[in-house]
Amino acid sequence: MQDLYKWLELFTEYGWFGLVILLEYLFPNRRYALLNKGWFSDLVHTYEPIVRAMLINACVVGVNGLLPSTGPLKNLLADVPGWQVFLVALLVSEISFYFTHRLVHRNPILWEFHRVHHSSTRYYSLMTSRFHLLDLALFSIPYVVVMGWLGAGGAGLVWFAFFQGFVDRYGHSNVNGPRFTGRVLMTPHFHAWHHSTDPAAFDKNFSRNLVVLDYLFGTAYYPKDKEAEAFGEQDYSNNYIVQQLAPFYYVAKKARQYFRDAVHPAADSRAARPD
Ligand SMILES: [Zn+2]
Ligand SMILES: [Zn+2]
């Protein structure tokens, strides 16, 4: 059994990465070159899922010992079968990701960090991991704390990382898969709208694995007769280091503008008043 878990971990870290690129080559949705603008930086970002599968599960187990030893539901998952851990992990991941995702789109400071993920002008699997580190941490913390509190560990978490590793990579790919699957899973046809520059799709399709919360809270956008075509920001840097630093610059710029408006509100109202 331990061999199987080792194999699953290896496939989560490297297998999905290669398999989805192969599927993109065999069943492309849009006409792209295999390596698109910014591909090298995207490849650098790809270290993230390779460490994440191990790191997140290790953090869940580690956090358990740091939290108070007793309390409601504490260690509820400590001695349950793996499939139950899997289902709870899926539920916790869906809820924590969906609401954190809505928050980072609404909050102007957090948006500058999440914006890195939305900056790619191509929608293909290599950009799956294009994230700012603080954005990644923010998405992971609620999941790690809740699963740590519940005492999750073992096979259920390994299977969940395996499943999520596939959905993340496939959902961001240029694979022309069956459209109906987008009614259930975060697929390329569905999640591409989340990255689209079409105003009709702004602040839609926030889900991580299953799309049920988008349909439940009215944020789903999945037109039958249309396909997302344009993505990202042409002017956003494709350099990994710049992508990690740029959000601080943009936040400082917004803060300066905010304080300038707070100190000189009259200037604006004067300007707006007709002569
Ligand atoms: Zn987003
Ligand atoms: Zn995305």
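Let us look at the structure shown here. (Residues numbered from 1 in each chain as written. Chains lettered and ligands numbered in written order. Predicted model: local features only at pLDDT ≥ 70, side-chain atom pairs only at ≥ 80, totals over all residues.)

## Describing the overall build of the protein
Which entries qualify depends on this criterion: Runs of H or I in DSSP of at least four residues are treated as helices and runs of E of at least two as strands, each being numbered from the N terminus. Both definitions apply: the radius of gyration is a C-alpha atom measure, and the globule rule equals 2.2 Å times residues to the power 0.38. Three exposure classes are used. Buried residues have 20 or more other C-beta atoms within 10 Å of their own C-beta, exposed residues have 12 or fewer, and partly exposed residues fall in between, all C-beta atoms being placed from the backbone. Distance between backbone-placed C-beta atoms decides contact: two residues are in contact if it is within 7 Å.
Along its length, the protein carries 11 helices and zero strands. In sequence order, the secondary structure elements of the protein are arranged as α-α-α-α-α-α-α-α-α-α-α. On C-alpha atoms alone, the protein measures out to a radius of gyration of 21 Å, which is about the 19 Å that the 2.2 N^0.38 rule sets for 275 residues. C-alpha extents for the protein along the principal axes are approximately 80 × 50 × 35 Å. Sorting the 275 residues of the protein into buried and exposed places 32% on the buried side. A sequence separation of at least 24 residues applies to 76% of the contacts in the protein between residues at least 6 apart.

## Details of unusual backbone geometry
When glycine is set aside, most residues are seen to have a negative phi, and most peptide bonds are trans. Of note, Leu73 is a non-glycine position whose phi angle comes to about 65°, a positive value. In this structure, Leu73 sits in the loop between α3 (47–66) and α4 (82–106).

## Points about the nonpolar core
Using the following cut-off: For the purposes of this analysis, a nonpolar core is taken to be any set of buried Ala, Val, Leu, Ile, Met, Phe, Trp, Tyr and Cys residues that are connected through C-beta atoms within 7 Å.
Core analysis: the largest hydrophobic core is formed by 16 residues, its most contacted members being Ala89, Met147, Leu150, Ala152 and Leu157. Where this core is concerned, the elements lending two or more residues are α4, α6 (133–149) and α7 (155–171). Beyond its immediate chain neighbours, meaning those up to four positions away, Leu157 contacts Asn57, Val60, Val85, Ala89 and Ala152.

These values are about where atoms sit, not about what they do.
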